[in-house]
Amino acid sequence: MTSLSKMPDIVLSTIMDHLNFRSLMILRKTCHDIRNFIDDSIPASSITKIQLTVNPEQVVLEFKYSESVSQQNFYSLCGQEAFDLFWNDFEIILKHQKLILESFSVTLKYKNGLNKLEASVRDRVNLRFLNQLKSLLEPRKRLLQIEKLDLIMEDQEKIMCVLPYIDANKIKEIVIFPGPKREMVVFPSDKVVETEQWKNAKKLASANFLVVEPIEKFTHFDNCRIFVDTISVEMIQKLKEVSAIDQFVLTNLLQSKTLKSFELNHRPHYQSPELTQIFRTVFDGSFPDDVYEDCWFSRIPGDNEHALVIRSCYYSWITFSRREWWMIKPNYERIS
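As the structure is a prediction and not an experimental result, all values here were calculated from the model.

**Q** What am I meant to see in the pattern of salt bridges here?
**A** Throughout the structure, instances matching the rule amount to seven salt bridges. Linking Asp123 and Arg122 is a salt bridge whose minimum nitrogen-to-oxygen distance equals 3.0 Å. With relative accessibility at 11%, the residue Arg122 sits in the buried group. In this structure, Lys158 engages Asp155 in a salt bridge whose closest nitrogen and oxygen atoms are separated by 2.9 Å. For Asp155, a relative accessible area of 26% corresponds to the partly exposed category.

Right, here's the structure in full:
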């Protein structure tokens with residue numbers, strides 16, 4: 001019987017066309033000749049999602065195939081050999097990845113209540129991992145093509161080890177979460193918001209941190225959810241003046257043709273009646289709603305079919321979204 005490694009290349013290629021990526025990786029470990037053939041031919045991977053989870057003890061590599069089959073591999077970080085094994089396997093996966101990934105997730109595990117030594121060990125492991133990941137992604141001729149980037153890490157320097165090496169023309173959604181914190185933390189992202197990946201993405205989800213960049217850095221998203229320290233009464237009062245908030249609502253949101261939802265979460269520094277009075281002077285009118293305390297609207301210049309709807313519970317968030325005018329017109333109460 002002819003061994004697999006002695007078969008003609010065309011036969012080997014035909015066989016591999018019928019194998020999923022997991023089977024290919026198993027086959028790759030059978031002998032040097034088969035491994036070299038697979039590496040040279042680079043058959044397409046059927047992986048659709050990749051998730052990397054890092055803690056001081058191990059790295060978990062999880063991926064999902066298009067046929068809804070998932071696989072988890074665990075790599076100890078106790079020795080250099082295991083560390084190298086993970087990067088070897090991960091590099092092979094990326095080398096064979098030709099499809100656009102639905103999602104790519106990197107999670108740096110955090111725990112509250114660590115002592116200084118434990119926190120120092122965790123930080124060294126995370127930094128070592130991210131530097132290695134950056135060194136793997138940076139020299140690639142073809143940037144990693146993904147639709148959704150999910151990053152759980154505590155500062156923008158870590159995010160910048162990943163984000164710039166994603167194909168800016170393919171990314172659609174960015175998720176940023178700095179890990180479990182007892183309180184909201186300020187999260188500077190001046191470098192992140194200037195990347196082409198950020199500017200091209202259409203959806204942003206964030207949680208557990210306060211943004212400090214100008215609000216205009218977020219208004220290109222079709223769907224957006226961010227947290228700010230406060231939306232003061234003074235800010236709202238300046239809505240129709242030349243100010244950042246004015247430009248945010250009247251220029252960016254009113255003229256946006258693709259806006260679906262923009263949620264602005266905030267720490268309250270005012271009472272509900274105060275903000276209600278301000279809304280009455282700023283927006284065109286209000287209409288009843290069974291879910292929210294109030295719904296307000298502003299007509300969109302040059303658009304007779306839609307209106308900008310503002311919902312608020314006053315105490316924690318304000319949401320801007322587009323709605324068809326016919327849904328509002330019968331119920332609104334004109335504020336004069």
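**Q** What exactly am I supposed to notice about the side chain of Glu213 here?
**A** Tracing the backbone shows Glu213 in the loop between strand S9 (209–210) and strand S10 (223–228). Despite being buried, Glu213 has no salt bridge partner; Lys217 is the closest side chain of opposite charge, sitting 9.0 Å away. At a separation of 2.8 Å, a polar atom in the side chain of Glu213 contacts the side chain of Ser189. Within the structure, Glu213 has its side chain in polar contact with the backbone nitrogen of Asp190 (distance 3.4 Å). In this structure Glu213 touches Phe187, Pro188, Ser189, Asp190, Val193 and Phe218, once residues within four positions along its chain are discounted.

What counts and what doesn't
- Residues numbered from 1 in each chain as written.
- Predicted model: local features only at pLDDT ≥ 70, side-chain atom pairs only at ≥ 80, totals over all residues.
- Heavy atoms only, no water.
- Salt bridge = Lys/Arg side-chain N within 4 Å of Asp/Glu carboxyl O.
- Buried < 20%, exposed > 50% of the residue type's maximum accessible area, 1.4 Å probe, protein only.
- Helix = DSSP H or I, 4+ residues; strand = E, 2+ residues; numbered from the N terminus.
- Lys, Arg positive; Asp, Glu negative; His and termini not counted.
- Polar contact = N/O pair within 3.5 Å; in protein donor to acceptor, adjacent residues only side chain to side chain.
- Contact = heavy atoms within 4.5 Å.

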